[in-house]
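The lines below spell out each chain.
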Amino acid sequence: MRARWAALAVVTGVAVLAAPILARPPLPKDYRIDPKDLPPPPESCPEQLRESIVWGGAASAYQIEGGWDADGKGPSIWDTFTQKGGETEFNMTGNVANDFYNRWPEDVATMKRLGVKTYRMSIAWARIVPSGLAGSPVNPAGVAFYRTLITELLKAGIVPAVTMFHWDLPQGLQDKYGGFHAAGPEFQDAFVYYADVLFRELGPLVNLWMTFNEPLSICELGYGIGIFAPGIKAGHPGQYKCGHNLLLAHAKTYRLYREKYYAQQKGKISMALDGKWGYPWSDKPEDKAAAQAWVEFSYGWMADPAYFGDYPASMRAAMGAALPKFTPEQSAMLKGSMDYFAVNFYCGYFVKAPKPGSALPFETSSKGPDGEWVGEPSDSFWLFRTPDGLRKTLVWLDRRYSVDGRKVEFTISENGVSGPGEDVKELPGVLNDQYRLRYYSSYLDELCKAITVDGVKFTTYWAWSLWDNFEWRMAYTERFGMIYVNLKDNLARIPKASAYWMSKYFWTESARFGAPYYHGLFALKGADAEAAARALVNRV
């Protein structure tokens, strides 16, 4: 164990490091953004509305932490996948990434300085349970790291939203049971064991949980077409068996929390679901039906079981035996297992009726009948600026899942974009990220319209991402961050124009966690700090 952990103090049975939050020296003048040069906020987002929403940013463990084998952490499937070579741009790995594991005090200080009010983070499963296996030893250094981080976030007035799994499955669990597509109850039990550890050790400081990030991407990319870790090409049967196991693990975790922890902790649990809006290729009924099926196959795949107890009828009809069935007991367990709806949204595609013999009831395209892109291209081949797709998605989800007079509470758990050419642009020009500013301004415009015009119930927004980070197979060749990470200068962090824009109009105007709730917390230590942090997090 490293020397810096020698100062661990045990508080209520869990080790906590009272690390200081350090600020970087002032930025060079050429790197500063003049607030007068920032565009105004969208007209549909007046100050009163902005103040009613909690605005924050997001990142994930593997993409920023580094410390891949530090202090007892076990290997994950992404450690294995990237380290074997040939799977990422320039064979880069997340071994160091942003070195957040060692430099988190600097990053928390930057978030505080910018006014970020909530941070969506993920836990590296293998840092908590190194082998991933149910009943196996828990790593106390991993627990201490996250408890310290979360406590310091709360003392800085930043409320954490914790994602339990953001793609980095422990390699030991993959080796033992073959992964999500092969394992059944064994994987579910392993996840529930891990979740129980998190609820017990971190739950007193966390009120917002998400079990899985983007089940669609986990299962399609990792176990269906196999281009992401662990690289298993099992087709539709593998993809849908994976999703089935994730859903059951989620439902069991939700029930565990409600029965064992909710009375004391009063937290909320969801999943971060991903999808893309479907613009009908034409006004023909078959194209409109295909677009409807496309959204059902994405968001509806996980949400329908969580709200209604079974998969969408369109999926049942199209996939047949490839789509597993729930028992009546499993269906009952799934219903009502999301306390809020966490939406990851980036863009939409054109959708049309499939060719005869297609296995799927839709066909997608990034270009329309006129040959034009569906929206302004980004630096990612799959991502386009289609802001009205966000509003259409929220309205579609609201109308589908707000039933019996109960409005669904929505959050945006991810929304952001890779800036064209930012991996090769030099300082200071790379900081003037006008494309990202257009993206956020147009998407937030549509978000505010969904709230004020369409009546969507909305509480929290997490922009993706706070920092440039390790973008999976694309490594650092695609930059999603509002804060630049300089690979040529010791991973120095420098805010971009988009960070200052979000800071000026959104982060600092979140009234729910304003000054009365966090002034005076910074000097508190130990149990007093935990009590104050707990009082703060209850404001969520």
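These figures come from a predicted structure and were not determined experimentally.

## As for the overall build of the protein chain
Helix and strand counts for the protein chain come out as 19 helices and 15 strands. Expressed as a percentage of the 540 residues in the protein chain, the buried residues total 61%. Counting only carbon and sulfur atoms, one obtains 55% of the accessible surface of the protein chain, whose full area is about 19600 Å².

## Description of the pattern of salt bridges
For the structure shown, the criterion picks out 30 salt bridges. Measuring nitrogen to oxygen at the nearest pair gives 2.9 Å for the salt bridge that ties Asp304 to Arg400. Note that Asp304 is positioned in helix H12 (residues 285-308) and Arg400 in helix H15 (residues 388-401), a separation of 96 residues in sequence. We classify Asp304 as buried; its relative accessible area is 5%. Each of Glu422, Asp433, Arg436, Asp468, Arg479 and Lys496 takes part in a single network of salt bridges with overlapping partners.

## Thoughts on the confidence of the model for the protein chain
Close reading of the predicted structure is inappropriate where its pLDDT is low. With 89% of its residues at a pLDDT of 70 or more, the protein chain has an overall mean of 89. Ignoring residues within four places in sequence, the model shows residues 1-25, a span with pLDDT below 50, making 61 contacts including any to other chains.

## Comments concerning the packing of aromatic side chains
Within the structure shown, the criterion is met by 52 aromatic pairs. With centroids separated by 6.4 Å and ring planes inclined at 70°, the aromatic side chains of Tyr349 and Phe384 adopt a geometry described as edge-to-face. Taken together, the residues Tyr349 in strand E8 (residues 341-352) and Phe384 in strand E11 (residues 384-385) connect sequence positions 35 residues apart. Comparing Tyr349 with Phe384 shows no difference in burial state: the two are buried. Taken together, Tyr62, Trp78, Phe81, Trp167, Phe228, Phe470, Trp472 and Tyr476 form an aromatic cluster joined through their ring pairs. Over the ring of Tyr262 we find Lys266; its NZ or CZ atom is 5.5 Å from the centre of that ring.

## A short note on the state of the cysteines
By definition, a disulfide links the sulfur atoms of two cysteines through a covalent bond. Summed over all chains, the structure comprises two disulfides. Here Cys45 connects covalently by a disulfide to Cys448, the sulfurs 2.0 Å from one another. Taking the sign of the S-S torsion, 110° for the link of Cys45 and Cys448, the bridge is right-handed. With Cys45 in the loop between strand E2 (14-16) and helix H1 (47-51) and Cys448 in helix H16 (residues 434-452), this residue pair connects regions lying 403 residues apart in the sequence. Cys219 shares a disulfide with Cys242; S-S distance 2.1 Å. Measuring handedness by torsion sign, the sulfur bridge of Cys219 and Cys242 sits at about -70° and is left-handed. Taken as a pair, Cys219 in helix H9 (residues 215-224) and Cys242 in helix H10 (residues 235-260) lie far apart in primary sequence, 23 residues in all. Accessibility assignment for this pair places Cys219 and Cys242 in one class, buried. Should the bonded cysteines of the protein chain be numbered as they appear in the sequence, the pairing reads 1-4, 2-3.

## Focus on the environment of Pro46
Here Pro46 is to be found in the loop between E2 and H1. Given a relative accessible area of 41%, Pro46 falls into the partly exposed group. Sequence-wise, Pro46 and Tyr505 are 459 residues apart; in three dimensions their C-alpha atoms are separated by 9.6 Å.

## Things to note about the layout of surface pockets
Space left empty within the atom packing is revealed by a probe, the size of a water molecule, rolled over the atoms. Considering only enclosed or pocket space, the largest pocket measures out at about 1100 Å³ in volume. Residue lining of the largest pocket: 42 residues in total, with Leu216, Ser217, Glu220, Leu221 and Lys276 positioned closest to the centre. Those elements that place two or more of their residues in the lining of the largest pocket are H9, H10, strand E7 (268-280), H12, E8 and strand E9 (363-365). The dominant element in the lining of the largest pocket, judged by the number of residues it contributes, is H9, at five residues. For the lining of the largest pocket, the per-class residue count stands at 20 nonpolar, 13 polar and nine charged. Here the second largest pocket is characterised by a volume of approximately 350 Å³. Around the second largest pocket, the lining comprises 16 residues; the ones closest to its centre are Tyr307, Met338, Tyr401, Arg406 and Val408. The leading source of residues in the lining of the second largest pocket is H12, at three residues. When its residues are assigned to classes, the lining of the second largest pocket shows eight nonpolar, one polar and seven charged.

Reading guide: rules and limits
Residues numbered from 1 in each chain as written. Predicted model: local features only at pLDDT ≥ 70, side-chain atom pairs only at ≥ 80, totals over all residues. Heavy atoms only, no water. Helix = DSSP H or I, 4+ residues; strand = E, 2+ residues; numbered from the N terminus. Buried < 20%, exposed > 50% of the residue type's maximum accessible area, 1.4 Å probe, protein only. Areas by Shrake-Rupley, 256 points an atom, 1.4 Å probe, with all protein chains shown as cover. Salt bridge = Lys/Arg side-chain N within 4 Å of Asp/Glu carboxyl O. pLDDT = per-residue confidence, 0-100. Contact = heavy atoms within 4.5 Å. Phe/Tyr/Trp six-rings, centres within 6.5 Å; stacked < 30°, edge-to-face > 60°. Lys NZ or Arg CZ within 6 Å of the ring centre and 35° of its normal. Disulfide = S-S within 2.5 Å. 1 Å grid on protein atoms, 1.4 Å probe; cavity = no way out; pocket = protein on both sides within 12 Å on 5 of 7 lines; lining within 4 Å. Points joined across faces, edges and corners; volume = space filled by probe spheres on them. Nonpolar A, V, L, I, M, F, W, Y, C, P; charged D, E, K, R; others polar.

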